[in-house]
Amino acid sequence: MPFALLAPIFIAAMAAVVVPLLVHLVHKEKREAIAFPSLMFLRKTPYPFSARQRVRDWLLFLARCAVIALAAFAFARPVFARRPAAGAAQDGGTEVVVLLDRSFSMKYGTRWARAREEAGKVIAGLGRADRLTLIPYDRRASAVNEATANAQQLRAALDSIVTTDEGTRLAPAVTLASGILSATELPQRKLVVISDLQRTGWDLTDEVTIPVGTEVVPVDVSGTVVDHAVRAVDVRRDPGGDASRVVVSARLARLGAAERAVTVRLEVGGREVARTTVDLPGDGGASVAFPPIPVPTRPTPARVVIGGDELPGDDTFHFLLSRPPTLPVLVVEHRDAQPERGVFLARALEIGDAPAFDATVRRSDRVTAADLSNAKVVILADAGVPAGVGGARLVSFVRDGGGLITALGERTSDRSWPTEARVLVPGRITQPTDRLGQRGAVLGSVDRGHSALAVFGGARSGDLSAARFFRYRAIDTTDGVLARFDDGGVALTEHAVGAGRVLTWASGLDGYWNDLPRQPVFLPFVHQLVRYAANYHDRRRAYAVGEAIAPRDLSGRSEGATRWAVKAPSGQRLAVGGDGALPTLELREAGIFEVRPSGSPGAEPILVAANVAPAELDFATFDPLRLVTALTPAAVSADESADPTVALSEREQRQSVWWYVLAVAAVILAVEGVLARRASVNRLEPV
C-alpha cells in the first residue's frame, strides 16, 4: 500500500539531523577540576580529545536523528493511499470524453487541423476496455457518438464534425460531459478539452464541475494570432448631397504588426462599387470611408471586404444598404415669436441622421391640415393648438399614432388648449415659476429607466442636470412624470392618447427660459424626445451570429403570416413559427438570410444580414491550469469503501498517521534521555 504526503515541504526539515551530527563530532567535554593531594603517584597521559574524528555514542546519535526525522515526517502529514484494485486497473478501463471546440475562432490558420490531430491521438491511445465520446461544441454542445472503443466509428464521427461561425461557450459542453462521466461504471474517468481556450468562452460564474477523480487534460491549440478584420459598418446620408446618396464607412481592426496599403472593397448587390486602401496600425484600428454612392430603393445586400489573411471569415462584413429613415416633423411656433427663437430647435433637427428629421417650421396662424397630414410628430414650441388645424383634428392625429411634443413658454397657458383638445394636456398649467434669483433651477430627478430617457442611462451619455432653468410653468399632475426640477416641480410628462404619445416639457426649447440649448445634452435630448413621440424603432442593418429574431417584427406587421420559410446563407432551408418549429429565427451562420411567408415562394424576401459576434473575435486566452482548477470539485464523498476516489485530505484526517509517528518520536526521545544520562555519568567517572 503506497503512501503520500499532504505537506511534503516539511520533509526538508529532515536536514536538521545534521545538528546532532555536529554535536557529536564537535562537542567538547567540559573539563571538571578534581582536587587531588599529590600528582607524584599519577602517570601523565594525554587527554582523550576526539572532536572532529568519530562518533563515540552511536546509539545516542541515532536516537536523536530518529526523533528529528520522525517529527519532520509527522508534519508532512503522511497518508496511506489506497491502491486501485488490480482487477479494475487491468480490466475496468477508462471512460473518456473529448470536448472538441469548433467555434469560429478555430478556423484560424491550422487550429482546426491540429485539433483534429489531437483528437485522433486520443482515439489511437484507447485500450480495449476504454470508451470514448466525442462532443463538439461552440455555444451549444451535443455528442456525435455513443461511448465506444471502436476506432473506426470514432474516426468517422470525428470526420463528420465541422467548424461553425458561432461563438464559444464551454459550460454546456462540460455539463454534458459531466453527465456521461457520472453515469459510467468504469473506474477511471478522463476529460480531454481540445480548444484555443478563448477567454470569452469560459466564465467562472458558470459553476460547472465534473465527477470527483476525473482527470482533466486541456489541449491548447491557440498559438500566436495575426489578423485583420472588418468590425462594423456605418451608413449615413451624404452631408453634401441629397437624400438619395449615402456614405458608407467601415471600422477595421488589426491584431499584430502594422500593415500598410491594405485594400478595402465595397460591394453592393454582388458588384464592386468602390475600392480604397488604408494603413492599419499594429494592434490597433482604423476607419475608412468610401465616396458617396446612390442608395437603392429597397434594402440590398452589401458588404465591405478587406484583403485575405489566416482567418477569412472576419474579413467580410455583411449589411443591408437602404435609404436612411426619415421622420417628418412639424414645428409650430407662436405667430408673434421672434425668428431667432427657433434657431436652436431647427438646427438640432437638421443635424439628425439616424433617423434624419425632415422638419417643417410654421407659424401657428399659418399651419394647415395638409401640414399635419404629412407629419409624424408635431412640436408646439411655445404655441397652442393651431387655428388652422383645430383641437379635434390634432387629437385625431395623435389618436391615430402621431406624436405630440409641447414645450411650454411665456405665450402658452392653460387657455391655449380648447375644450376638445384638453386630452392633450397632462394637467392644469399655472403661472410661470421664476427661479432667476436663485441662479436657476436644475433637474432634480430623471427617470432614466423610461424609454424616453433611457439613452441617458449609461456612463458619459449626457448630463441633464448641467442645464439651468430660470423660468418654467408648473404642471399639476402626478401621472407620467419623467423628470422633476430640484423643487419637486414637474419638468417632463408623458401620457398616451389612443395610439399616440404626448410629451409635455415645462420649459422652452428656445434658450430664453433656460440654457439647455447651450448644453451638449440638448441635441440627444431633442432627438430622443422626437424618436419616442414617433414610436420610432431603428431597423438594424446587421445582426450578430447567435442572435434570435422574430420574422414578424422584421415585417413590421402585427398580423399576417405565422409560419416563415428561411433560406440560410449556406442554402439550408429552415421553417420558423407554427407547429413543430422554433418561434424565432436563430442566426447560426454569417451572411444574408432570406425570409418569406411560408407557402409564398415568389414573395419579396425580408433580408437579414449576420456577422460573427464581436466576442468571438477576441483572441485572448486563459491559462489551461485555470480550467483544471475550476473543474476540479472540492466536495468529496464520505464513504471511502463505496467511492475509491475519496479525496486524499479526508483520508489523512481519518487515518491520523502523523499522531502515531509523533508518539513513536516521543518514546525515542525518552530513550534518548536515558542514554544521554548514562553516557554523561560514564564520562564523569574518575580515571
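Below, the structure is looked at part by part. (Residues numbered from 1 in each chain as written. Predicted model: local features only at pLDDT ≥ 70, side-chain atom pairs only at ≥ 80, totals over all residues. Heavy atoms only, no water.)

1. As for the overall build of the protein
Stage number 1. Counting its secondary structure elements, the protein contains 14 helices and 31 strands.
Stage number 2. Going through the 687 residues of the protein one by one, you find that 43% of them count as buried.
Stage number 3. Long-range contacts, defined here as pairs at least 24 residues apart, represent 72% of the contacts in the protein between residues at least 6 apart.
Stage number 4. Total accessible area on the protein is roughly 35200 Å²; 53% of this is exposed by carbon and sulfur atoms. (Helix = DSSP H or I, 4+ residues; strand = E, 2+ residues; numbered from the N terminus. Buried < 20%, exposed > 50% of the residue type's maximum accessible area, 1.4 Å probe, protein only. Contact = heavy atoms within 4.5 Å. Areas by Shrake-Rupley, 256 points an atom, 1.4 Å probe, with all protein chains shown as cover.)

2. Concerning the packing of helix H4 (residues 111–124) against helix H5 (residues 151–159)
Stage number 1. Where H4 meets H5, the axes come as close as 10 Å, and the angle between the chain directions of the two elements is 165 degrees. As far as their axial angle goes, H5 and H4 are roughly antiparallel. Both H4 and H5 take part in a crossing whose hand is right-handed. Taken together, the residues of H5 that come into contact with H4 (itself represented by Arg116, Ala119, Gly120, Ile123 and Ala124) are Ala151, Leu154, Arg155, Leu158 and Asp159.
Stage number 2. Residue composition of the contact of H4 with H5, grouped by class: six nonpolar, one polar and three charged. (Axes fitted to C-alpha atoms, helices over the stretch in contact; angles between N-to-C directions. Parallel < 35°, antiparallel > 145°, perpendicular 65-115°, else oblique. Left-handed = near helix turned anticlockwise from the far one by under 90°. Nonpolar A, V, L, I, M, F, W, Y, C, P; charged D, E, K, R; others polar.)

3. Notes on the nonpolar core
Stage number 1. Leu349, Ile379, Leu424, Trp505, Phe525 and Val530 are the most contacted members of the largest nonpolar core, which has 68 residues in total.
Stage number 2. Leaving out residues up to four positions away in the same chain, Ile379 has contacts with Val329, Leu330, Val331, Val332, Leu345, Leu349, Ile405 and Val530.
Stage number 3. Core analysis: the next-biggest nonpolar cluster, separate from the first, contains 30 residues, Val248, Ile293, Ala542 and Ala609 among them. (Core = buried A, V, L, I, M, F, W, Y, C linked by side-chain atoms within 4.5 Å.)

4. Side note on the sheet that holds strand E5 (residues 188–195)
Stage number 1. As summarised here, the arrangement of the four strands in space is E4-E3-E5-E6, forming an open sheet in which the pairing is parallel. The two strands at the open ends of the sheet, each matched to only one other strand, are strand E4 (131–137) and strand E6 (215–220). Strand-to-strand twist across the sheet, computed as the mean angle between neighbouring axes with direction ignored, equals 15 degrees.
Stage number 2. Across six bridges, E5 lies against E6 in parallel orientation. Across the sheet, Val193 pairs through a bridge with Pro218, a residue of E6.
Stage number 3. Here helix H6 (residues 171–183) sits on the sheet and contacts strand E3 (94–101), E4 and E5; the angle it forms with E3, its principal contact strand, is near 170 degrees.
Stage number 4. Across the face of the sheet, helix H12 (residues 624–631) comes into contact with E5 and E6 while running at roughly 155 degrees to E6. (Pairing = 2+ DSSP bridges.)

5. Quick look at the packing of aromatic side chains
Stage number 1. Inspection of every chain in the model, using the stated rule, returns eight aromatic pairs.
Stage number 2. Taking 6.4 Å as the distance between ring centres and 40 degrees as the angle between the ring planes, the aromatic pair formed by Phe456 and Phe525 counts as tilted. Note that Phe456 is positioned in the loop between strand E20 (443–446) and strand E21 (471–476) and Phe525 in helix H10 (residues 522–533), a separation of 69 residues in sequence. Neither Phe456 nor Phe525 differs from the other in exposure class; each is buried.
Stage number 3. Look at Tyr472 and Phe485: their rings are 3.9 Å apart centre to centre, the planes differ by 15 degrees, and that puts the pair in the stacked class. Separated by 13 residues along the polypeptide, Tyr472 in strand E21 and Phe485 in strand E22 (residues 481–485) bring together distant segments of the chain. (Phe/Tyr/Trp six-rings, centres within 6.5 Å; stacked < 30°, edge-to-face > 60°.)

6. Details of the environment of Pro426
Stage number 1. Looking at the secondary structure, you find Pro426 in the loop between strand E18 (403–407) and strand E19 (428–434).
Stage number 2. Considered as a pair, Pro426 and Gly480 are 54 residues apart in the sequence and their alpha carbons are 8.4 Å apart.
Stage number 3. Beyond its immediate chain neighbours, meaning those up to four positions away, Pro426 contacts Ile475, Thr477, Thr493, His495 and Thr504.

7. Some details on unusual backbone geometry
Stage number 1. Phi at Arg77 takes a positive value of approximately 55 degrees, unusual for a residue other than glycine.
Stage number 2. Given the relative accessible area of 32%, Arg77 is considered partly exposed.

8. Notes on the side chain of Ser364
Stage number 1. Secondary-structure assignment places Ser364 in the loop between strand E16 (356–363) and helix H8 (369–373).
Stage number 2. Residue Ser364 is classed as buried on the basis of its relative accessible area of 12%.
Stage number 3. Of the polar contacts made by the side chain of Ser364, one reaches the backbone nitrogen of Arg335; its length is 3.2 Å.
Stage number 4. Dropping the residues within four chain positions of it, Ser364 is found in contact with Val332, Glu333, His334, Arg335, Ala383, Pro386 and Ala387. (Polar contact = N/O pair within 3.5 Å; in protein donor to acceptor, adjacent residues only side chain to side chain.)

9. Concerning the sheet that holds strand E28 (residues 573–576)
Stage number 1. Here we have five strands laid out as an open sheet, ordered E25-E31-E30-E27-E28, and mixed in their pairing. Of all the strands in the sheet, just strand E25 (543–544) and E28 have a single pairing partner and so form its edges.
Stage number 2. Bridging between strand E27 (residues 564–567) and strand E30 (residues 591–597) involves four bridges; their strand directions are antiparallel. If you follow Ala565 over to E30, its bridge partner there is Arg596.

10. Topic: a nonpolar patch on the surface
Stage number 1. Together, Val18, Val19, Leu21, Leu22 and Val23 give the surface a local cluster of nonpolar side chains, amounting to about 370 Å² of exposed area.
Stage number 2. Considering the arrangement of structural elements, one finds Val19 in helix H1 (residues 18–26).
Stage number 3. We classify Val19 as partly exposed; its relative accessible area is 47%. (Patch = residues over 30% accessible without salt bridge, like charges linked within 9 Å, V, L, I, M, F, W, Y side chains within 5 Å. Salt bridge = Lys/Arg side-chain N within 4 Å of Asp/Glu carboxyl O.)

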